[in-house]
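So you can see what is in the structure, the chains are spelled out below.
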Amino acid sequence: MKLFLILSLIGLATAVLQIGITKVASRRTKLIQSGLWPTYFKYKQALRLQSKAVVGQPVNDYDDAEYLGNITIGTPGQQFSVVLDTGSANLWVGDKSCATCAGKNTFDQTKSSTYQADGRSWSIQYGTGAAQGFLGIDTVAFGEMGANQLVVPKTTFGQATSIDMDLQQDVADGILGLAFQSLAVDNVVPPLVNAINQNLLDNPYFTIYLQEKGAVENVPGGTFTYGGFDTQNCGALIAWQPLSSATYFQFRMNGISVGSYSNSKGYEVISDSGTSLIAGPSSVLDKMANVVGATYDSGSGLYFIDCNATPPPVKINIGGNTYTITEKQLIIDAGNGQCIWGLEPFDNNGFGPAWILGDPFIRQYCNTYDLVGKRIGFSPAIGT
Ligand SMILES: *[C@@H]1O[C@H](CO)[C@@H](O)[C@H](O)[C@H]1NC(C)=O
């Protein structure tokens, strides 16, 4: 019986293959007969040249608090180390004229053959820090110089002429926002949206995989995959969750619990690679901190926890699925034998999302951000 089955399958496969060949041949014959073949051939060639892609970009980890990737701007490329931030939508780096950008790589437009002026000014206020300057247009490439880059021509970006103290003290040269255009200052088309508009990617989504490395700086710590899933570092997709607002990557969280504490009030939340911790209402966090034995320090605005504690995991319900975040992601080594708890108070006073699911959540679950489907996908992070 078995043998018969195999033979019959082979027979079937051959038949399908033959039908395929015949079809192609007749189509070509028809095109040649009608004189359209040369045009058709050119069209096929053009399609082949316009190769779409899935591009992976490594990022480096700074104390599990910040993840930086390299990009280049201009021709030839000038390289910058930037925060790849799903919680904002503008790209900026320091301009050569920026007096407050000491110690950072800055952009020199006179050295780029592809640079175009824009004329508009911009100013951005982040959760920590502010920056301002003018806009320019040039080729922006995701990834390091010499690596397999995602090259996006004619991208509008900010050239900062001044940045404030918080950003001066940060290790990054600038910030690359990955959220929706509707969130962008000056309604500038964000670099990745520009790549999608130019049909440069296989799929209009990207996947973030982040690693936990402890109190170390500038070590390999994850991958951003533009145009697809990260099949190397992420397991099978658990679910897509539709976005409730396509500005940030904002969606509904049904509930959050830890040990004996359970909250099923339901909240608007965002997934933000540019936020180091999970941030939420202080009234809720105080109760959760009580369960895990974390103590609030008003000086730093953070909760501290015993580095050897073994608290129950934090469980988050999104779309009926439970996402479990373990102590590995939530007890963060701050050096000097001190550890920070992975949740921090954030009170939005009723405006915008109530919670920010930052890096501890993304380290536990790869997040896939769909800019066209307006949804977010989660899969277990399985890389090491
Ligand atoms: C980015 O470039 C800097 C400077 O060349 C380098 O130290 C760093 O390792 C690079 N980062 C990544 C993620 O490759």
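This structure is a prediction, so every number in the text was calculated from the model and none was measured. (Residues numbered from 1 in each chain as written. Predicted model: local features only at pLDDT ≥ 70, side-chain atom pairs only at ≥ 80, totals over all residues. Heavy atoms only, no water.)

Undergrad: Explanation requested: the pairing of strand β8 (residues 150-163) in the structure shown.
TA: If a strand is regular, its side chains alternate between the two faces of the sheet. Pairing of strand β4 (residues 91-95) with β8, which is carried by 3 bridges, proceeds in the parallel orientation. In the strand pairing of β8, W92 is matched with G158. For strand β7 (residues 130-142) and β8, the ladder comprises 11 bridges, and the chain directions are antiparallel. Each residue of the ladder has a partner; that of L135, found in β8, is G158. (Pairing = 2+ DSSP bridges. Helix = DSSP H or I, 4+ residues; strand = E, 2+ residues; numbered from the N terminus.)

Undergrad: Even after reading the chapter, I still don't get the nonpolar core, so can you show me in this structure?
TA: The nonpolar side chains of a soluble globular protein tend to be buried, and buried together. One finds L192, Y226, M288, W355 and F361 to be the most contacted residues of the largest nonpolar core, which totals 73 residues. Per-element tally for this core: the top contributor is helix α5 (residues 282-292), with 5 residues. The next biggest cluster of nonpolar side chains, apart from the first, holds 17 residues, and it includes C101, W122, I124 and A131. (Core = buried A, V, L, I, M, F, W, Y, C linked by side-chain atoms within 4.5 Å. Buried < 20%, exposed > 50% of the residue type's maximum accessible area, 1.4 Å probe, protein only.)

Undergrad: Sorry, what's going on with the site of the ligand here?
TA: Taken together, the residues surrounding the ligand are P58, V59, N60, N70, Q79, E144 and N218. One nitrogen or oxygen atom from the side chain of N60 is found 3.1 Å from an oxygen atom belonging to the ligand. The side chain of Q79 places a nitrogen or oxygen atom 3.3 Å from an oxygen atom of the ligand. Against a free-state accessible area of 360 Å², the protein chains account for coverage of 57% of the ligand. Ranked by residues supplied to the shell around the ligand, first place goes to strand β1 (residues 55-62) with 3 residues. Split by residue class, the shell around the ligand holds 2 nonpolar, 4 polar and 1 charged. (Near = heavy atom within 4 Å. Polar contact = N/O pair within 3.5 Å; in protein donor to acceptor, adjacent residues only side chain to side chain. Areas by Shrake-Rupley, 256 points an atom, 1.4 Å probe, with all protein chains shown as cover. Nonpolar A, V, L, I, M, F, W, Y, C, P; charged D, E, K, R; others polar.)

Undergrad: Explanation requested: the environment of T114 in the structure shown.
TA: Mapped onto the elements, T114 comes out in the loop between β5 (106-107) and β6 (116-125). The exposure class assigned to T114 is partly exposed, which follows from its relative accessible area of 32%. Placed 38 residues apart in sequence, T114 and P76 show a C-alpha to C-alpha distance of 8.7 Å. Each residue touching T114, except ones within four places of it in the same chain, is listed here: G74, T75, I137, D138 and T139. A distance of 2.6 Å separates polar atoms of two side chains, one belonging to T114 and the other to T75. A polar atom in the side chain of T114 sits 2.6 Å from the side chain of D138. (Contact = heavy atoms within 4.5 Å.)

Undergrad: Just checking my understanding: could you explain the side chain of R363 for this structure?
TA: Checked against the element boundaries, R363 lands in helix α7 (residues 359-364). Buried charged residue R363 carries no salt bridge. Nearest counter-charge: D64, at 4.5 Å. In terms of polar contacts, R363 uses its side chain to reach the side chain of Q329, at 3.0 Å. Apart from the residues lying within four places of it in its own chain, the contact partners of R363 are D64, Y67, L210, Q211, E212, Q329, I332 and A381. (Lys, Arg positive; Asp, Glu negative; His and termini not counted. Salt bridge = Lys/Arg side-chain N within 4 Å of Asp/Glu carboxyl O.)

Undergrad: Explain the state of the cysteines to me, please; I cannot follow it from the model alone.
TA: Two cysteines form a disulfide when their sulfur atoms are joined by a covalent bond. One pass over the structure, following the stated rule, counts 3 disulfides. Here C98 connects covalently by a disulfide to C101, the sulfurs 2.1 Å from one another. Between C98 and C101, the S-S torsion sits near 75°, and that sign places the bridge as right-handed. Sulfur-sulfur distance for the disulfide between C307 and C339 comes to 2.2 Å. Taking the torsion about the S-S bond as the criterion, the C307 to C339 disulfide, at about 110°, is right-handed. With C307 in the loop between β20 (302-304) and β21 (314-318) and C339 in strand β24 (residues 339-341), this pair connects stretches of sequence that are 32 residues apart. Looking at C307, the relative accessible area reads 30%, which means it is partly exposed. For C339, a relative accessible area of 5% translates into the label buried. The disulfide pattern of the chain is 1-2, 3-6, 4-5 when the bonded cysteines are numbered in sequence order. (Disulfide = S-S within 2.5 Å.)

Undergrad: Quick question: what am I supposed to make of the sheet that holds strand β22 (residues 321-325) here?
TA: Across a sheet, paired strands are connected by hydrogen bonds in the backbone, their directions being either parallel or antiparallel. Strand order in the open sheet made by the 4 strands is β16-β15-β21-β22, with antiparallel pairing throughout. Two strands bound the open sheet, and with one partner strand each, they are β16 (261-263) and β22. On average, each strand axis in the sheet is inclined to that of its neighbour by 15°, with strand direction left out of account. Bridge count for strand β15 (residues 255-258) against β16 is 3 bridges, and the pairing is antiparallel. Counterpart to I256 in the pairing with β16 is N263. Where α5 meets the sheet, it contacts β15, β16 and β21, and its direction lies at approximately 155° from that of β16. (Axes fitted to C-alpha atoms, helices over the stretch in contact; angles between N-to-C directions.)

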